[in-house]
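Structural description and commentary
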Amino acid sequence: MKDIAENIRYIGVDDENLDLFESQYAVPEGMAYNSYVILDGKVAVLDTADARKGEEWLHNLEEALQGRQPDYLVIHHMEPDHSACVAPVLDKYPGITVVGSAMALKFLGQFLPGRPLPNTLAVKEGDTLPLGSRTLRFFAAPMVHWPEVMVSLETATGILFSADAFGKFGALSKTAFWADEDPDWACEGRRYYFNICGKYGPQVQALLKKLGAEKISAIAPLHGPVIRKDLDYFLDLYNTWSSYGVETEGVFVAYASIHGGTAEVAQKVAEKLRALGCPKVAVSDLTRDDRAEAVEDAFRYGRMVLAASSYDAGLFTPAYDFLHSLQIKGYTRRKVALVENGSWAPSAGRVMKEMLGTMKDVEVTGDLVTIRSRYKEEDGPALDALCKAILS
């Protein structure tokens, strides 16, 4: 536990042994479930934790309270990794009032079926919760990244409790408690953003605009380090990400190869791009590398070359799954060039074009390059033209 301001205490827990967050995202450094307590004239508990770490979180809560009874349990986000301990809190502190958006309180009934709901207080945009010298002011943040989400600003200190926004993968014990002490924040913060919130850029933009006039001194998310310095850096990143801007100039080369032929072609493309002066070339093997990282890089760069093998008269599965992830995450405002490989009936290019065609403002540039089994010298001019097209 740690104080992030006078009488505002972090009581979150780390899960260093979690392998997959949301049962799909690899988290080699585990995950943090953040929670906070404001100890004022009245006591407010801000969110709980995942059931995997419930006992530890309840111990932290009891220690932080030092014998006091909590008055409020504020639910910023009802997803179970933050609300799984609501029921134990209600059992231990039956007089507590649960505070959340009307939709959050509805979801509470869904997650606690058959249980009579406790004292509740529905809050909406602009509502405040006075605690004494501290006051929480609420902002609606629908679809960042669930529809019931609220964030709150503690008006005396300027601390923004940001729900899942500004979160990051990784247990704090393995990264850092403060974001300014975490050299890899942007890397895992970006992977987290585009895979958790990426589809909802307009909603994130709306929230950023609401908060633009507020005096924010720190950002306390539900995952990842607390941001206390260089707030403009983090806010600028979120503005770029949520507006689908280009963060890094360069080209992302993603490939899905069955027997190595397409992989060789992808490496040739990367070499040619570098020779043409491309400032940054990132390469990902979609059959082996983490797909969430590939999604992250697809959004990070404004240009992508996708090379894939044909398979079952369609597209090799890892490339199909990658493009499906881009579809559901709202991939947009990007330029893509395509390479297909097929020994007898190349089909990958057709499917890639069809899938990219469902995405808004995605331009397929240059001519589709078709490789027959293995790269040959006569394929060089077509790849040269493709590289020039993606850089133009």
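Here, every reference points to the structure presented above.
Quick notes on the rules
- Residues numbered from 1 in each chain as written.
- Predicted model: local features only at pLDDT ≥ 70, side-chain atom pairs only at ≥ 80, totals over all residues.
- Heavy atoms only, no water.
- Helix = DSSP H or I, 4+ residues; strand = E, 2+ residues; numbered from the N terminus.
- Buried < 20%, exposed > 50% of the residue type's maximum accessible area, 1.4 Å probe, protein only.
- Lys, Arg positive; Asp, Glu negative; His and termini not counted.
- Salt bridge = Lys/Arg side-chain N within 4 Å of Asp/Glu carboxyl O.
- Contact = heavy atoms within 4.5 Å.
- Polar contact = N/O pair within 3.5 Å; in protein donor to acceptor, adjacent residues only side chain to side chain.
- Pairing = 2+ DSSP bridges.
- Axes fitted to C-alpha atoms, helices over the stretch in contact; angles between N-to-C directions.
- Phe/Tyr/Trp six-rings, centres within 6.5 Å; stacked < 30°, edge-to-face > 60°.
- Expected span 1.5 Å × (residues − 1).
- Arc of directions from axis to C-beta.
- 1 Å grid on protein atoms, 1.4 Å probe; cavity = no way out; pocket = protein on both sides within 12 Å on 5 of 7 lines; lining within 4 Å.
- Points joined across faces, edges and corners; volume = space filled by probe spheres on them.
- Nonpolar A, V, L, I, M, F, W, Y, C, P; charged D, E, K, R; others polar.

Take the side chain of R134 next. In this structure, R134 sits in the loop between β12 (128-130) and β13 (135-140). Look at R134: it is buried, it has no salt bridge, and the nearest opposite charge is E154 at 4.1 Å. When sequence neighbours within four positions are dropped, the list of residues in contact with R134 reads E6, I8, I38, D40, L129, E154, A156 and T157.

Before going further, it helps to examine the side chain of H76. Mapped onto the elements, H76 comes out in the loop between β9 (72-74) and α2 (80-83). Classification of H76 by relative accessible area gives buried; the value is 1%. Only 2.7 Å separates the side chain of H76 from the side chain of D47, close enough to count as a polar contact. Of the polar contacts made by the side chain of H76, one reaches the side chain of S152; its length is 2.8 Å. Not counting residues up to four positions away in its chain, the partners in contact with H76 are L46, D47, E148, V149, M150, V151, S152, F161 and A163.

The next subject is unusual backbone geometry. In this model, V144 is joined to H145 through a cis peptide bond whose omega is 0 degrees. Positionally, H145 belongs in the loop between β13 and β14 (150-154). With a phi close to 65 degrees, F166 is a non-glycine residue in the positive phi region. One non-glycine residue, D361, adopts positive backbone phi at about 55 degrees.

Read from one edge of the open sheet, seven strands run β1-β2-β7-β8-β9-β10-β11, paired in mixed fashion. Strands at the two margins of the open sheet, each flanked by one partner only, are β1 (2-5) and β11 (119-122). Averaged over all neighbouring strand pairs, the angle between strand axes comes to 25 degrees, with direction disregarded. Summarising the sheet, β1 and strand β2 (residues 8-10) pair through three bridges and their orientation is antiparallel.

A few words on the environment of R115. Of note, R115 is situated in the loop between α4 (102-111) and β11. Residue R115 is classed as partly exposed on the basis of its relative accessible area, which comes to 29%. When the C-alpha positions of R115 and K174 are compared, they lie 38 Å apart, and in sequence the two are 59 residues distant. Among all residues touching R115, those that are not within four sequence positions of it are A87, L90 and D91.

With that out of the way, let us pick up the packing of aromatic side chains. Under the counting rule described, the total for this entry stands at 22 aromatic pairs. Ring geometry for Y193 against F194: centres 5.0 Å apart, planes inclined by 80 degrees, an arrangement best described as edge-to-face. Across the pair, F194 and Y193 agree in class, each one buried. Ring geometry for Y238 and W241: centres 5.5 Å apart, planes at 50 degrees, overall tilted. Of the two residues, Y238 and W241 both sit in helix α7 (residues 231-242), three residues apart, roughly one turn of that helix.

Turning next to helix α1 (residues 54-65). When the terminal C-alpha atoms of α1 are compared, their 16 Å separation across 12 residues agrees well with the 16 Å that a helix rising 1.5 Å per residue should span. G54, W57, N60, L61, A64 and L65 are the residues of α1 that are buried. Looking straight down α1, one finds that the buried residues subtend no more than 125 degrees of arc, so they occupy a single side. Looking at the buried positions of α1, the neighbouring elements they touch are β2, β3 (13-15), β7 (36-39), β8 (43-46) and α3 (86-92).

Below, the discussion takes up the layout of surface pockets. The computed volume of the largest pocket comes to approximately 360 Å³. Lining the largest pocket are 19 residues; nearest its centre among them are I258, S310, G342, S343 and W344. Those elements giving two or more residues to the lining of the largest pocket turn out to be α8 (261-275) and β19 (301-311). Looking at which element gives the most residues to the lining of the largest pocket, the answer is β19, with three residues. Considered class by class, the residues forming the lining of the largest pocket number five nonpolar, 12 polar and two charged. Of the pockets and cavities examined, the second largest pocket occupies roughly 180 Å³. Considered class by class, the residues forming the lining of the second largest pocket number four nonpolar, three polar and three charged.

A separate point is the sheet that holds β14. Spatially, five strands are ordered β12-β13-β14-β15-β16 in an open sheet, and the strand pairing comes out mixed. The open sheet has two edge strands with one neighbour each: β12 and β16 (218-220). Averaged over all pairs of adjacent strands, the angle between their axes in this sheet comes to 20 degrees, without regard to strand direction. For β12 and β13, the ladder comprises three bridges, and the chain directions are antiparallel. The residue bridging P130 from the neighbouring strand is T135, located in β13. Here helix α6 (residues 201-211) sits on the sheet in contact with β13, β14 and β15 (159-161), set at roughly 140 degrees to β13.

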